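# Per-entry structural report
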Amino acid sequence: MKIFIDSADIKEIKTVAELGVCDGVTTNPTLIAKSGQDFKTVLSEIVNIIPGPISAEVISLDSKGMIKEAEELVKLANSIVIKLPLTEEGLKACKYLNGKGIKTNVTLCFSVGQALLAAKSGATYVSPFIGRLDDIGEDGVNLIKEIKALYSANKVETKILAASIRSPRHVTDSFISGADVVTLPFKILLQLYTHPLTDKGLKQFIEDWKNSGQRSILAEKI
Ligand code: G3P
């Protein structure tokens, strides 16, 4: 049950690293553009903050270009995982990179058939985009269940990385449905641990403590 952060924002990634619950990072061209920083610079910073897998996406549309980009990106750190689109060219590049021992994350997966081909191409991870499926009236979490059933029945080693997460419920439902990893935006991570009853309960505990006249255990040291 691994949690990745879906972000290229260094401040967010540092905050999450301190929290101690983040096993890796996923980025995409949109997130890199949002960071306002140069691609290589952001990645070099990220790999120094989080030791786990860091997905970096190629922007070429042909397999040769994807492979060339991948070969440059993996020079940045051993933790770099090459994110490839789930297209014919992306699958070709995936097969090649897998043969070279380079880890891959096949992204933009919207069907179980696509996930099947990602696995056949030797993808390390496949990324079903569950929020974007929900956005068009389909059931994203159900796709996770279908991929899990297919992979389990056939002893597939490709890991299911649930992406395009819109709510804390998406996170827990993805894990319940068999996702190996869920990559979530910073906002959703905050929502996962925040609960109004926790805040209310804590406020009450502190008030009751103060009213009782008790002293902190640390006060005795003074
Ligand atoms: O990193 C890929 C994915 O998580 C994007 O999510 O919110 O743009 O659909 P979203």
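Presented here is a report on the structure given in the accompanying data block.

Analysis parameters
Residues numbered from 1 in each chain as written. Predicted model: local features only at pLDDT ≥ 70, side-chain atom pairs only at ≥ 80, totals over all residues. Heavy atoms only, no water. Helix = DSSP H or I, 4+ residues; strand = E, 2+ residues; numbered from the N terminus. Buried < 20%, exposed > 50% of the residue type's maximum accessible area, 1.4 Å probe, protein only. Areas by Shrake-Rupley, 256 points an atom, 1.4 Å probe, with all protein chains shown as cover. Lys, Arg positive; Asp, Glu negative; His and termini not counted. Charge placed at Lys NZ, Arg CZ, Asp CG, Glu CD. Core = buried A, V, L, I, M, F, W, Y, C linked by side-chain atoms within 4.5 Å. Contact = heavy atoms within 4.5 Å. Patch = residues over 30% accessible without salt bridge, like charges linked within 9 Å, V, L, I, M, F, W, Y side chains within 5 Å. Salt bridge = Lys/Arg side-chain N within 4 Å of Asp/Glu carboxyl O. Pairing = 2+ DSSP bridges. Axes fitted to C-alpha atoms, helices over the stretch in contact; angles between N-to-C directions.

With that settled, consider the overall build of the chain. For the chain, the count of helices and strands is 11 helices and 8 strands. Counting only C-alpha atoms and orienting by the principal axes, one finds that the chain spans roughly 70 × 35 × 30 Å. In the chain, which comprises 222 residues, the share counted as buried stands at 44%. A total of about 12400 Å² of accessible surface is found on the chain, and carbon and sulfur atoms cover 56% of it. With 27 positive and 26 negative side-chain charges, the chain shows a spacing of 4 Å between the two charge centroids.

All right, on to the nonpolar core then. Counting residues in hydrophobic clusters, the biggest one holds 57 residues, and the most contacted among them are Ile54, Ile80, Ile82, Leu84, Ile165, Val182 and Leu184. With 5 residues, the top contributor of residues to this core is helix H8 (residues 140–153). Those residues within four positions of leucine 184 in sequence are excluded, and the remaining contacts are Ile3, Phe4, Ile5, Asp6, Ile165, Val171, Leu189 and Leu192. Counting residues in hydrophobic clusters, the runner-up holds 5 residues, among them Phe4, Val81, Tyr125 and Val181.

The subject of this paragraph is the environment of serine 63. Here serine 63 is to be found in helix H4 (residues 63–73). Residue class for serine 63 comes out buried when judged on its relative accessible area of 12%. Separated by 91 residues in sequence, serine 63 and asparagine 154 have C-alpha atoms that sit 27 Å apart. Excluding its chain neighbours within four sequence positions, the residues that come into contact with serine 63 are Glu89, Lys92 and Ala93.

Once that is clear, we can look at a nonpolar patch on the surface. Judged by side-chain polarity, Leu19, Val21, Leu190 and Tyr193 come together as a nonpolar surface patch covering roughly 340 Å² of accessible area. Its location among the elements puts leucine 190 in helix H10 (residues 186–193).

Pairing in this closed barrel of 8 strands is parallel, and the strands run S1-S2-S3-S4-S5-S6-S7-S8 around the ring. Between one strand axis and the next, the sheet turns through 30° on average, direction left out of account. Pairing analysis gives 2 bridges linking strand S7 (residues 159–162) to strand S8 (residues 181–184), with the strands arranged parallel. By the bridge assignment for S8, leucine 161 is matched with valine 181.

With that settled, consider unusual backbone geometry. Although it is not a glycine, leucine 108 adopts a positive phi angle of roughly 65°. You can see leucine 108 is positioned in strand S5 (residues 104–109). For leucine 108, a relative accessible area of 32% gives the class partly exposed. You will see that serine 164, though not glycine, has its phi angle at about 60°, which is positive. Tracing the chain through its elements places serine 164 in the loop between S7 and helix H9 (168–176).

Without other data, these values stay purely geometric and don't point to any function.
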